[in-house]
Amino acid sequence: MRGNDVVLSDVSMRFGDFTAVHPTDLTVREGEFFSILGPSGCGKTTILRMISGFLDPSSGGIAIGGVPMAGLGPNRRPTALIFQNLALFPLMTVWENVAFGLEARGVPIVERKRRASELLSLVALDDQGHKKPTELSGGQRQRVAVARALAVEPAVLLLDEPLSALDLKLRQHMRAELKDIQRRTGVTFIYITHDQGEALTMSDRIAVMNQGRVQQVGTGDEIYDRPATPFVATFVGEQNVFQGRVTATNDGQAVVDTAVGPLRGTSQGTLSIGDEALLFVRPERVSLMNGATASPDNRIDAEVERRDLEGSFVNLHLRAGNHPISVHLTNAGSGRDVVSGGQRVSFQADDAVVMRAGEFARE
Ligand SMILES: Nc1ncnc2c1ncn2[C@@H]1O[C@H](COP(=O)(O)OP(=O)(O)OP(=O)(O)O)[C@@H](O)[C@H]1O
Ligand SMILES: [Mg+2]
């Protein structure tokens, strides 16, 4: 364990007879940009409120930097929380908003001024200190909220869907800003979102949650390429899904007998012959064979039904019998990717995951 790791041991939260968070072990490392990703109601805010001290766990314990947090209120923890709707003080200037927490802690005015201008510079608002929050754009207000939370020098900054109120362009811009602020300050960020794009672009590691349970913790690449459960596989990114029974297993791979024939993929978890299983392969990992002579691990004959131009890529919808197949092709320009009629598509076993059947994400 390092200096200010946040460690949850067997932490759960019950409200009456409803369990919002099942017993959870989780370690967020010092200096990490850590995201908690999951659909609405899965328990993300509840976990954040327990870390920040606004809510006492029903069981288990939380330690920060090796110090048990039980019995310590929010003000006595090395954390600061930015709420979903950020609530700046509307009658105070930007400068006063940022310095507010310092005044409450009895920091003298000269030091408050110095620290506030340092923080405003950190969030690129040097010349905006005299304004009221209503005179700022949404993104600027968001940066004031970050500066205000950082003013008290937390070891851990907790952010609860801080960008959800902003429009798409601004949200994408703020992703880079927040990531940059995190890198420059070295403060641990625990960032809650239900937006997978946000989690994938900003995070060192991500915990994917569903219905009060953490289903997987890993880097963006691990979550995307090696999802641990059907829920994670379908919540993050797009997938082709084939269902069937396992007919063979060897060398970390499994063959599934599906409606489009036997398909081979990388086993996730232990699988035995006869198991009801799912094979997932992402649309961008499937290609058109176009008369190629190489022999890929998996081949499917299908009919092209529709071509959707998405911009940088083309989404080709095919059908093999009753089974839909989606293939993402890089947009090569001038409609060079236009194909029709019968096609043979292929993918490698390395690019597909096979796991025991289970619950999908509903989105
Ligand atoms: N004080 C409470 N009393 C009873 N139930 C609660 C309470 N707080 C939260 N819950 C329930 O616990 C579950 C998890 O809530 P939580 O706020 O953690 O979800 P969330 O993942 O943050 O969702 P969202 O993305 O919508 O903010 C929900 O079903 C919610 O209704
Ligand atoms: Mg929430």
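Below, the structure is looked at part by part. (Residues numbered from 1 in each chain as written. Chains lettered and ligands numbered in written order. Predicted model: local features only at pLDDT ≥ 70, side-chain atom pairs only at ≥ 80, totals over all residues. Heavy atoms only, no water.)

### Side note on the overall build of the chain
Of the regular secondary structure elements, the chain holds 8 helices and 20 strands. For the chain, the spread of C-alpha atoms along the three principal axes comes to 75 × 50 × 35 Å. Across the 363 residues of the chain, 49% fall into the buried class. Pairs at least 24 residues apart make up 67% of the contacts formed inside the chain by residues separated by at least 6 positions. Element-wise, carbon and sulfur atoms account for 48% of the exposed surface of the chain, whose accessible area totals about 17000 Å². Taken as two groups, the 38 positive and 43 negative side-chain charges of the chain have centres that lie 4 Å from each other. (Helix = DSSP H or I, 4+ residues; strand = E, 2+ residues; numbered from the N terminus. Buried < 20%, exposed > 50% of the residue type's maximum accessible area, 1.4 Å probe, protein only. Contact = heavy atoms within 4.5 Å. Areas by Shrake-Rupley, 256 points an atom, 1.4 Å probe, with all protein chains shown as cover. Lys, Arg positive; Asp, Glu negative; His and termini not counted. Charge placed at Lys NZ, Arg CZ, Asp CG, Glu CD.)

### As for unusual backbone geometry
A positive phi is found at Asp 10, a non-glycine position, where the angle reads about 55°. When you line up the elements, Asp 10 lands in strand E1 (residues 6-15). We classify Asp 10 as partly exposed; its relative accessible area is 43%. Phi at Ala 124 takes a positive value of approximately 60°, unusual for a residue other than glycine. Along the chain, Ala 124 falls in the loop between helix H3 (109-122) and helix H4 (138-151).

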